[in-house]
Structures are given as structure tokens and as C-alpha cells.
Amino acid sequence: MIAPDARGTISIDAARCKGCELCIPACPPGVLRMSNQRNEKGFLVPEVLEGCTGCTACQLVCPDYVFEVFQFRKIKAEG
Amino acid sequence: MSTTDIEAPPGKRAVRVGHAAPPLMQTEEHHLCPGCGHPVGVRMILEVLEELGVVDRSICVAGHGCYATFTATIDIETILTLHGRAPATATGVKRMLPDSIVWTMQGDGDMVSEGLAEIMHTAARGERLTAILLNNGVFGDTGGQMTAMSVVGQRTKNTLEGRDPGNHGFPIPVADIISRFPGAAFVARGSVHNAAEATKTKRLIRRAFEHQIAGSGFAFVEVLTMCPTGWFVPTAGGPDYLSTALEPVYPLGILREVER
Amino acid sequence: MAMKLLEGSEAMAEAAIAAGLRFYSGYPMSPSTNLLEAMANKVPQSGGVCINADTEIEGIMMALGAAATGNRAATGSTGGGCALMQEAIAEAAISETPLVVFTIGRAQQDYRQATKGGGWGDYNTIVLAPKDVPEAVEHVQTLFHLADKYRCVGILLADNIIARTQVSVDVAPMTFGPLPDKEEWKLDGSSSGTGKAKFHWSWGVGKYNTRKPGGVNGHWNRVADKFRHIAETETRWEEAYCEDAELVVVAFGTAGKFVEYVVSEMREAGTKVGYFRPITLWPFPGEALARATAGARRVAVFELNAGQMIEDVTRFVDRGKVSAIGGISSDEDGLNIGRMMAAGEVRRRIADALKEVQQ
């Protein structure tokens, strides 16, 4: 379940991650951490906790272009 | 930005922000080391070209270094030229195609060790092109040797005890030198070691291309990038090494700007 | 015919412009400096660009960039400066960038550099060696055509005499056959963002979306095959009196013109001597030389160096009947082609070679 007040989220293309960990300190709300999951290349990959703001800092600093970032926005009325 | 099928909280929708991979890449795969800063710099160049709407007249002239791997994947017309000579090659291109947007991509080994003459004279001529220096202070592609921009004390494979000025001399602050040239319209130094500096650096790159579009003169952006492999530090320690070892020698900011 | 009194360097610059030169960049070095000066005066007037490069390396790399846009471009120097260009000449040749390089040599000590090159990789350069200014005017235009036809580097190997002699010459634009379209490779930015951006590199492998199936080996083999084809089809030479000659004198460039004069004179006097002048130094007209010298008892090579072209001559002519009758012949300033280049001296050396024949 996604919290009703969630502001954003990310998807991580873990297969391309090289486990450099640059995203971890880059994340302003501090919701990225290294998991104990390894991808096929053998690198530990990050995971995201609740509290992502969709700020794109991880996307900006990632050398391997693995972060897709989404912001949650209110659905406006028709018209 | 586009709506996606990502699950959103009730009453909200998920809107994609930016792109995982930068635009104008034929593939997002590359073989550069974990923690490398170059791909971050390359992303910014491509985003700026797209934002400025100059893609279909853009030509890249690249030198030889780790970043050259992108010459085969960026969807930008490219000359992969001889080591150190990108500014000269780019001069020939730009003089023949004055309306094109010509940019060079070089590392510190390529530009300052091998090709110092070319970058100096191209800047001095005020060639109306944009030169990007990806400076990680080391020959990454050959495995971690000293360049002309390695900092004093820096350990490399051919300065095992650290760069000793008595033997290896001092680093060359190329941007600072160019900032004294009347032909240079814009000279700046940025870094990609954290999100805030990366954001600023993208603005510098944008300014450099805007100067080329305006034809105001030579535009130069040095981008400090991490090379944890060549620095012999853990990948996560790259940003810290950059800010403590490189940044004091190569301070960030705009060094010169003339009116556009 | 519109004859004009021009210095050879001016005539070569005008010939290049007549051939459509749009870009020249060079660095001064005697005796090629006059060509740079002529280009600097004339190219901008024709709407092109001439840049005073700050090194020969920079000069040729600028020209390479200009040529990559599909425009006709050239650079030039003399032997020492062209030595600095060797890496770039190889790069242009293997990246299939049409380029013309003027080598205004000192004496004839540039033969080996021009024909063999000092760059890396499997490449050759077409080398034309004019005997005088009018022929240089033709050769310059021919080289631009051949460089475009084969996407290769053409070297004009001239010397101080050609570059600095004033002669009355007609720089008439020459017409050649059709050329392959440059659209496939010339850069202008328009393919950026299409998914098929062009990629100009000596490895010729294409970008990610346009990978060439043969990879780098495929490209380099194709380039090598192209040079084999050029070697078979583009040889040029001039010969006279060889059919019944006891002695054939081989010489190129200005030395070839002196030999032509002296041999013609000796023929009139009844001496059975002929001459053979390679016009393309690469590809070397070896088979033609072998035919022309088949009946001769001796072959004498008159070149103003310690023996460079003779290495090619002896690839096609039995070494036992070849002798060197030239040699290093420099002035005190090192620029000109020296005291050996006088008709009387050439005649004496040929006569000495004839004595060997008659022994």
C-alpha cells in the first residue's frame, strides 16, 4: 500500500546498477539504502524506503542511469 | 513528463520526472567503472542540447579517454579524433559550418597533457565552440596514471608516493589560464560530486552553449568528475576525495563571462 | 588560355582554389612558407577559410575537421613539419577523410616519408611529384579529385624550385569524372537525434544503432583493399627512349625534369639512353618501370638524397643492374636542391653510368 500522502517514488533498473552507492548520500530525505540483493553482475543494489519525494537527486548523480523518478500529483477534475 | 502505470496514492497520478537514461542515447549501457563521474557530465550535455533545441545541428568532437565510450552511443554526429586534438578538429568543423553547434569532449589527460597547445590556441582564437573538460585528475582509460592535472600528493600508478612537485611539477589550472584570454566568452568550473553541484554544473553547461549560439566567443566548462578506480578509493568515497583533494586546487564557479 | 606570371606557390594555391578548396591551415617552414602566404592571401578572397595554425599538428587536425564536413581542405609544410603530421595523415587515411597535404620538400629527402609514411596502421597515401609548376597546377587539382574519389589523403611532393620559381602558367580549372556522393559520411549535424547519427572515426565501426557487421577488422581490411585497388589502377609515369636504351635513368620531380632535358640532348647526339619518371611515387609505377627497363643493361637512379626511391626501383628491377647516381645535395641553408642539380653535373653522372654499361 502506498501512503496517501506519498509525494513520489522511483523505479530502479537493478540489472544495470553497478552498486557504487553514490545515490545513498545524494538522497535528501534519506530513503535510499543498499539492499542485500545482488544483481546478475554481482553488485549489491539499492532499495527505496517510504518517504521518496520524487526530487530526482538520485537520477542526477547515478552514473548508470538506473533511476526512473515519479512525482505523485493530484488528478484534476475533467476539463 | 508523462503519466505512467506506476501505482499512485488514491486521487493522485504518477508523473515521470526526467529520464532514467539521458535523452539522445542509443543505449544507456556503458562499461565505465562503478562510481565514475563522466556519465553524469555526459547526461547534462545531452539534456542541455535537447532543451536548447539545437540537436539537429549539433556535432561532437571527442578526444580519447574513458568518456570516448559515449561517442558510440550518443545520438549526436561525432568525430572521434586524435588524442588531444579535438579543439583543432572542432575548429575546422565550425569554420566550415558556422551555424552548427560544435562541442568538444575531452578529459584532463587528453586536453591538458597531450593537447595543451590545441586547447590554448583554440581558446585564444576565440573559436565559437563549446569545450567540455571532464577532469578527474588521472588517466583513467589506461588504468590510473598521473596527468598534468593530477594534484600534488595524488597517488597514481606512476606516482606511487604521490605527485611530488620536485619531480613531477605542479598541476596546470587550465580553466584559470583560459579565463585570462580575451577570446574566451565563458569559462567556468563545476563538479558532479553531489546533486547540488551537478545541478549547478548543468546550468554552466547550458550557459556555455548559449554563448556559442550567440556567437560571443569560446566557451569552456571544466567538470570535476570522480574516478574512484584511478584514485584507489571506494566508489562511495569518490565524492569526498573530489571535494577534499581536487576542489581546493580547482575551485568551482564562473571564472569569466562576457556579455552575450 | 589565360597565362599569368605566378610564383609556383601562388600557382598551386590558385590551382587548389580552382579545384574547390574551402579550407587551408598551415604553419610556416621554408620552403613551404610561400604556399601558406599565398593561401592566406587568396583563399579568403575566394570565400574560403585560411587559418594560421600554431603547430603543424594543429594545422592538419583543423583541415581534417573541415574535410569531415565534406569540404575540400588541405594543409602543407616541408619535411620536418610533415613529420609532425604523420599520425594525422594516417588518421585521415584510415578514417577515409579526403585531404590534400602539400609537402614542399627540401632537396628530395622527403621521398620515403611521403611514400611510406610514419603513421600507424595499414594505409597509403597517393603521392604526386610534379616536375615543374605547370604540372604542379595539374597535380594539385588531380589530387583533390583522387582524394574525393577514394576518400584518401593525397600528397603533393614538390620542392623549393617549384614553390619559388616564377613562371607564366595557366591555372585553368580541370574537369574530372563524377565523384561518389559525400552525403553518406559528411557531417553537418543533421543526422543528430535521428537514431542514426553519423560517426567519423578511424575504426569505422559505426555507432550502437549503426554497427558495421565486420567490426574494426572489417573496416581496416576494406580500407586496405581500397589501397590495393589504387595501387593497381592509379600509377602514372612518363618515359622516353627506353625501347632501345642501354641505360635508363630514373628520376622524379624537378630532378626528373633535368634528367629529361639531359637525356633528350644525349639522344640527339646518338647516345642510347632513356629516362623514366614516376609521377605517382605511391602507387609506384613498378611494373611500367620493369617493362621500360627490360632491355636496358643498366638502370641509374638520380635522386637528391642518400637513396630512397632506389628502394622501390630495386623491388622491380634486378638490383645488380641498378646504380645510384644522385646523392645528398643540399645548399648551406638546407632548403634548395643543391649543386648536383645542374644540367652539366647531371650529364656527367649519366655519362659515368654509361661508361659502366660499355665496360
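Residues numbered from 1 in each chain as written. Chains lettered and ligands numbered in written order. Predicted model: local features only at pLDDT ≥ 70, side-chain atom pairs only at ≥ 80, totals over all residues.

**Overview of the overall build of chain A**
For chain A, the count of helices and strands is two helices and four strands. Listed N to C, the secondary structure of chain A is β-α-β-β-α-β in terms of helices and strands. A principal-axis box enclosing the C-alpha atoms of chain A has dimensions of 50 × 20 × 20 Å. Classification of the 79 residues of chain A by burial places 44% in the buried group. When contacts within chain A are restricted to residue pairs at least 6 apart in sequence, long-range pairs at least 24 apart make up 61% of them. (Helix = DSSP H or I, 4+ residues; strand = E, 2+ residues; numbered from the N terminus. Buried ≥ 20, exposed ≤ 12 C-beta atoms within 10 Å, placed from the backbone. Contact = placed C-beta atoms within 7 Å.)

**A short note on the interface of chain C and chain B**
Taken together, the 36 residues of chain C in the interface contact 35 residues of chain B. Elements with a minimum of two residues in the side of chain C that touches chain B: β2 (21-26), α3 (56-68), α5 (86-94) and β9 (199-200) of chain C. Of all the elements, α3 of chain C adds the most residues to the side of chain C that touches chain B, at nine residues. Of the residues in the side of chain C that touches chain B, the class split is 16 nonpolar, twelve polar and eight charged. Two strands pair when backbone bridges link them, and strand β3 (residues 77-80) of chain B and β9 of chain C are joined in this way by two bridges, in the parallel orientation. If you follow Ile-79 of chain B over to β9 of chain C, its bridge partner there is His-200 of chain C. (Nonpolar A, V, L, I, M, F, W, Y, C, P; charged D, E, K, R; others polar. Pairing = 2+ DSSP bridges.)

**Here's the deal with the interface of chain A and chain B**
Contact with chain A, which involves 33 residues of that partner, is made by 33 residues of chain B. Elements with a contribution of two residues or more to the side of chain A that touches chain B: β1 (8-12), α2 (57-61) and β4 (67-74) of chain A. Looking at the side of chain A that touches chain B element by element, the count peaks at eight residues for β4 of chain A. Of the residues that constitute the side of chain A that touches chain B, the class distribution is 18 nonpolar, seven polar and eight charged. With six bridges connecting them, β4 of chain A and strand β1 (residues 12-17) of chain B associate as antiparallel partners. Bridge pairing in β1 of chain B places Lys-74 of chain A opposite Lys-12 of chain B.

**What about the packing of helix α1 (residues 8-18) of chain C against helix α2 (residues 33-45) of chain C?**
Residue and element names in this part refer to chain C. Direction vectors running N to C along α1 and α2 enclose 45 degrees, while the axes themselves pass 8 Å from each other. Comparing the axis directions of α1 and α2 gives the class oblique. Considering how the two elements wind past one another, α1 and α2 form a crossing that is right-handed. Two secondary-structure elements touch here, α1 through Ser-9, Glu-10, Met-12, Ala-13, Glu-14 and Ile-17 and α2 through Asn-34, Leu-35, Ala-38, Met-39, Lys-42 and Val-43. (Axes fitted to C-alpha atoms, helices over the stretch in contact; angles between N-to-C directions. Parallel < 35°, antiparallel > 145°, perpendicular 65-115°, else oblique. Left-handed = near helix turned anticlockwise from the far one by under 90°.)

**Examining the sheet that holds strand β4 (residues 72-77) of chain C**
Residue and element names in this part refer to chain C. Strand order in the open sheet formed by seven strands is β3-β2-β4-β5-β7-β6-β13, with mixed pairing between adjacent strands. Where the open sheet ends on each side, the last strands, each with one partner, are β3 (49-52) and β13 (280-282). For this sheet, the mean angle separating the axes of adjacent strands, direction not counted, is 20 degrees. Bridge count between strand β6 (residues 126-128) and β13: two bridges; the pairing is antiparallel. The residue bridging Leu-128 from the neighbouring strand is Thr-280, located in β13. Here helix α7 (residues 133-150) sits on the sheet in contact with β4, β5 (99-105), β6 and β7 (153-159), set at roughly 165 degrees to β7.

**Brief notes about the confidence of the model for chain B**
Parts of the model with low pLDDT should not have their predicted coordinates read in detail. Counting all residues, the mean pLDDT for chain B is 96, and 98% of those residues have values of 70 or more. For this predicted complex, the interface confidence score (ipTM) comes to 0.97, while the overall pTM stands at 0.97. (pLDDT = per-residue confidence, 0-100.)

**Focus on helix α12 (residues 309-316) of chain C**
Residues and elements named next belong to chain C. Turning to α12, its buried residues number three or more, namely Met-309, Ile-310, Asp-312 and Val-313. Projection of α12 onto a plane perpendicular to its axis shows the buried side chains occupying an angular sector of 155 degrees, all on one side. As for α12, its buried residues are in contact with α6 (111-116), β11 (247-250), α11 (286-292), β14 (298-301) and β15 (322-324). (Arc of directions from axis to C-beta.)

**Observations concerning unusual backbone geometry**
All names here are of chain C. That bond from Ser-30 to Pro-31 is cis: its omega, 5 degrees, falls within 30 degrees of zero. Following the sequence through the fold, Pro-31 ends up in the loop between β2 and α2. The omega torsion across Trp-282 and Pro-283 is -5 degrees, close enough to zero to call that bond cis. Along the chain, Pro-283 falls in the loop between β13 and α11.

**Focus: the packing of helix α2 (residues 86-96) of chain B against helix α4 (residues 116-125) of chain B**
For any two helices packed against each other, the geometry comes down to the angle between their axes and how far apart the axes lie. Residues and elements named next belong to chain B. It is the contact of α2 with α4, at a shortest axis distance of 7 Å, that shows an interaxial angle of 40 degrees. In this view, α2 runs oblique relative to α4, as classed from their interaxial angle. On the side of α2, the interface is formed by Pro-87, Ala-88 and Thr-91, while α4 contributes Glu-118, Ile-119 and Thr-122.

**Overview of the sheet that holds strand β5 (residues 130-135) of chain B**
With mixed pairing, eight strands are arranged side by side in an open sheet as β8(B)-β6(B)-β7(B)-β5(B)-β4(B)-β2(B)-β3(B)-β9(C). Whereas interior strands pair on both sides, the edge strands pair on one side only; in this sheet they are β8 (253-257) of chain B together with β9 of chain C. Note that strand β6 (residues 184-191) of chain B and strand β7 (residues 218-224) of chain B share seven bridges and pair parallel. Within β7 of chain B, the position partnered with Ala-188 of chain B by the bridge is Val-221 of chain B. In the packing of helix α7 (residues 195-214) of chain B onto the sheet, the strands contacted are β4 (101-107), β5, β6 and β7 of chain B, and the crossing angle to β6 of chain B comes to about 165 degrees.

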